[in-house]
Amino acid sequence: ATLRFTGSGTQLLTGPTDVYVFVMRKSEGTLTPAANFGVSSTFSSDGAGGSLVMGANNLSITGASTIVAGTVTSTSGTLVFTGAVTSSGAIGSDTGTQTFSSTLQNNGTWDAGSGTATVTGALTNPGTITENTGAGGNIVHTAESVLMTDSSGTELTTVAEPGAIY
């Protein structure tokens, strides 16, 4: 089944905890699952805004994820994206781990926080990446090479501190 959320207010998702397709079309406001939440096919956030706030709960998405606008965040919960991710919105976690098992195309803002964020496939970033290295945050990229570009698409030859890629 497909689960769709729209509107501009604060919403609490008390069930189901697993869906096939998840579409968030919120113009603003938050959607907070009350428990761990899984999507076995695709996820899209294509409203004008709105935030999927996982808090301490885990999010697992098996298929492709498209975040046109809006935010997907956790405070300490784990964010797992098995399929390709394309984001013009924001993805992040304060202290939780993030796993991107396929490609990550970040055209918006990606906050690795103070946890560990792992990208297995290609990482393309014309957007913004932040991490809290002072609190132990790090980004692990397991592919053979990383191509970093600025917002105009120009390839970067250096990465400014305090960030590090290894």
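The coordinates are above.
All values derive from a computational prediction rather than experimental measurement.

## Thoughts on the overall build of the protein chain
When helices and strands are tallied, the protein chain shows zero helices and 22 strands. Taken across its 166 residues, the protein chain has 42% of its residues classed as buried. For the protein chain, long-range pairs separated by at least 24 residues make up 10% of all intrachain contacts whose partners lie at least 6 apart in sequence. Accessible area for the protein chain stands at about 7400 Å²; split by element, carbon and sulfur atoms hold 52% of it.

## Describing the packing of aromatic side chains
One pair of aromatic rings is described through two measures. These are the centre distance and the angle between the planes. Enumeration over the complete set of coordinates arrives at five aromatic pairs. Taken together, a centroid distance of 5.2 Å and an interplanar angle of 70 degrees make the contact between Phe22 and Phe37 edge-to-face. Remark: Phe37 occurs in strand 6 (residues 37-39) and Phe22 occurs in strand 4 (residues 21-26); sequence separation between them is 15 residues. Residue classification places Phe22 among the buried residues on the basis of a relative accessible area of 1%. Residue classification places Phe37 among the buried positions, given a relative accessible area of 3%. Joined through ring pairs, the aromatic side chains of Phe5, Phe22, Phe37 and Phe43 make up one cluster.

## Focus on unusual backbone geometry
Going from Gly15 to Pro16, the amide bond is cis rather than trans, its omega being 0 degrees. Among the structural elements, Pro16 can be located in the loop between strand 2 (11-13) and strand 3 (18-19).

## Some points on the sheet that holds strand 20 (residues 128-130)
One open sheet accounts for seven strands, arranged 2-5-8-11-14-17-20; its pairing is parallel. The open sheet has two free edges, formed respectively by strand 2 and strand 20, since each of these has just one partner strand. Neighbour-to-neighbour, the strand axes of the sheet open up by a mean angle of 15 degrees, direction not taken into account.

## Comments concerning the pattern of salt bridges
Any two side chains of opposite charge can pair, given that their charged atoms come close. A complete count under the given rule lists one salt bridge for this structure. Two residues, Arg25 and Asp46, come together in a salt bridge whose shortest N-O distance is 3.0 Å. Placement of the pair is Arg25 in strand 4 and Asp46 in the loop between strand 7 (43-45) and strand 8 (51-53), with a sequence separation of 21 residues. Arg25 gets classed as partly exposed once you look at its relative accessible area, which sits at 40%. Asp46 gets classed as partly exposed once you look at its relative accessible area, which sits at 31%.

## Here's the deal with the side chain of Asn106
Assignment of secondary structure puts Asn106 in strand 16 (residues 104-106). Here Asn106 falls in the buried class, since its relative accessible area comes to 1%. For Asn106, the residues in contact, after removing those within four places along its chain, are Ser87, Thr124, Asn125, Pro126, Gly127, Thr128 and Ile129.

## Structural notes on the nonpolar core
Counting residues in hydrophobic clusters, the biggest one holds 28 residues, and the most contacted among them are Phe22, Phe37, Leu52 and Trp110. Looking at this core, the elements with two or more residues in it are strand 1 (2-7), strand 4, strand 6, strand 9 (59-61), strand 12 (79-81) and strand 18 (116-119). The residues contacting Phe37, other than those within four sequence positions of it, are Leu3, Leu13, Pro16, Thr17, Val19, Phe22, Met54, Asn58, Leu59 and Ser60.

## As for the sheet that holds strand 6
To summarise the sheet geometry, strands pair through backbone hydrogen bonds and adopt either a parallel or an antiparallel arrangement. The sheet built from seven strands is open, its strands ordered 3-6-9-12-15-18-21 with parallel pairing. In the strand order of this sheet, the two ends are held by strand 3 and strand 21 (138-141), each with one partner. Alignment of strand 18 against strand 21, held across four bridges, turns out to be parallel. Residue pairing for strand 21: Thr116 is matched across the bridge by Asn138.

## A few points about the pairing of strand 14 (residues 90-93)
On strand 14, burial covers both faces: Ala90 and Gly92 on one face and Ile91 and Ser93 on the other are all buried. The sheet contact formed by strand 11 (residues 71-74) and strand 14 spans four bridges and is parallel. Note on strand 14: the bridge partner recorded for Val72 is Ile91.

Calculation notes
- Residues numbered from 1 in each chain as written.
- Predicted model: local features only at pLDDT ≥ 70, side-chain atom pairs only at ≥ 80, totals over all residues.
- Heavy atoms only, no water.
- Helix = DSSP H or I, 4+ residues; strand = E, 2+ residues; numbered from the N terminus.
- Buried < 20%, exposed > 50% of the residue type's maximum accessible area, 1.4 Å probe, protein only.
- Contact = heavy atoms within 4.5 Å.
- Areas by Shrake-Rupley, 256 points an atom, 1.4 Å probe, with all protein chains shown as cover.
- Phe/Tyr/Trp six-rings, centres within 6.5 Å; stacked < 30°, edge-to-face > 60°.
- Pairing = 2+ DSSP bridges.
- Axes fitted to C-alpha atoms, helices over the stretch in contact; angles between N-to-C directions.
- Salt bridge = Lys/Arg side-chain N within 4 Å of Asp/Glu carboxyl O.
- Core = buried A, V, L, I, M, F, W, Y, C linked by side-chain atoms within 4.5 Å.

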